[in-house]
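Observations on the three-dimensional arrangement
For reference, the chains in residue letters:
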Amino acid sequence: MKIEERLHQLKSQLPPDVTLVAVSKTHPVELIREAYQAGQRVFGENKVQELTAKATQLSEDIEWHLIGHLQTNKVKYIAPFVKLIHSVDSLKLLQEINKQALKNGRVIDCLLQVHIAKEESKFGFDAEECKQVLFSGEVSGMQGVSVCGLMGMATNTSNEALIRAEFSSLRNLFEECSSRGASLKILSMGMSSDYAIAIEEGSNMVRIGSTLFGERNYSS
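The following refers to the structure shown. Just so you know, the residues in each chain are numbered from 1, in the order the chain's sequence is written. Note on the predicted model: pLDDT of at least 70 is required for a residue's local features to be given, and 80 or more for side-chain atom pairs to be given and counted; whole-chain, interface and lining totals, by contrast, use all residues. The side-chain quantities take in all heavy atoms of the structure and omit both hydrogens and water.

1. Observations regarding helix 6 (residues 127-134)
Heads up, the rule is: Three exposure classes are used, based on accessible area relative to the maximum for each residue type with a 1.4 Å probe and protein chains only: buried under 20%, partly exposed in between, and exposed over 50%. Each helix corresponds to a stretch of at least 4 residues labelled H or I by DSSP, and each strand to a stretch of at least 2 residues labelled E; elements are numbered beginning at the N terminus. Directions from the helix axis toward the C-beta atoms define the arc. We call two residues in contact when some of their heavy atoms are within 4.5 Å. Polar contact criterion, stated in full: a pair of N or O atoms within 3.5 Å, where within protein one must be able to donate a hydrogen and the other to accept it, and residues adjacent in sequence count only if both atoms are side-chain atoms.
Looking at helix 6, one finds that the buried residues are Cys130, Lys131, Val133 and Leu134. Taken end-on, helix 6 shows its buried residues confined to a sector of 165 degrees, consistent with a single buried face. Each element contacted by the buried residues of helix 6 is listed here: helix 5 (91-103), strand 5 (108-113), helix 7 (137-140), strand 6 (145-152) and helix 8 (160-179). Capping the start of helix 6 is the job of one residue whose side-chain oxygen sits 3.1 Å from the backbone nitrogen of Glu128: Asp126.

2. A look at unusual backbone geometry
The backbone phi angle of Thr26 is positive, close to 70 degrees, even though this residue is not glycine. Within the element layout of this structure, Thr26 appears in the loop between strand 1 (19-23) and helix 2 (29-37).

3. What about helix 1 (residues 3-13)?
Buried within helix 1 are the following residues: Ile3, Leu7 and Leu10. Buried residues in helix 1, looked at end-on, bunch into an arc of 70 degrees, giving them a common side. In this structure, the buried side of helix 1 is in contact with strand 1, helix 2, helix 9 (195-200), strand 8 (205-208) and helix 10 (210-213).

4. Here's the deal with the pairing of strand 1
What counts is decided by this rule: Note on pairing: DSSP must find at least two bridges between two strands before they are called paired. A clockwise path from the first strand over the helix to the second, with the strands pointing away from the viewer, defines a right-handed crossover.
Of all 5 residues in strand 1, 4 are buried, a share of seventy percent or more. Sheet topology note: the strand 1/strand 2 (residues 42-45) ladder contains 2 bridges and is parallel. Paired with Val23 across the strands is Gly44, a residue of strand 2. Between the parallel pair strand 1 and strand 2, the chain is carried across by helix 2, and the sense of this crossover is right-handed.

5. What about the side chain of Ser203?
Within the element layout of this structure, Ser203 appears in the loop between helix 9 and strand 8. Take Ser203: its relative accessible area is 4%, and that puts it in the buried class. Within the structure, Ser203 has its side chain in polar contact with the backbone oxygen of Met189 (distance 2.7 Å). In this structure, Ser203 is in contact with Val18, Leu187, Ser188, Met189 and Ala198, ignoring residues within four places of it in sequence.

So this is what it looks like as structure tokens:
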């Protein structure tokens, strides 16, 4: 099946209020271009070096999202153009994004990554840390960032009840923070293996790669 067909099939399954982030990590520019020509404009990359390399080769109206772990010393490379950073997992990182955004005369949208999975290898704030950051006076005073939502990754498991419980916990945190006055509009959760459950649990942004582009090639 061609990417155009996969894309249209995928979008037909998504509610109109759910944004599809096409995760293009490890995939060549040619495949991204195919998806672009089929109408996709939002793409997600994990690594800064790969993101910057692809951005220079593709259309300027692409909305690039950084969805992988981000080191503070790499922020400066994406600050001129990145639309949304999904993976803010420390106040120090948010401070650096703010600093680099101001240098570029921009406001960068950010999501706080919350650790909801059982796996220790995943990054993110716990729920209390997330609330502390959201409601700290420092964040509200940052002129270069807009914290506009939360992101989380469920445990990589076939246990659907566990996945659902983890997504539900993040939605509950999202709703609690919103009720306390946080201006949150994006709840980014769900990937190729679990996006249907994520949407049922309130996600309005899904990050889908292999379902759209096929299996990844990590050898390159």
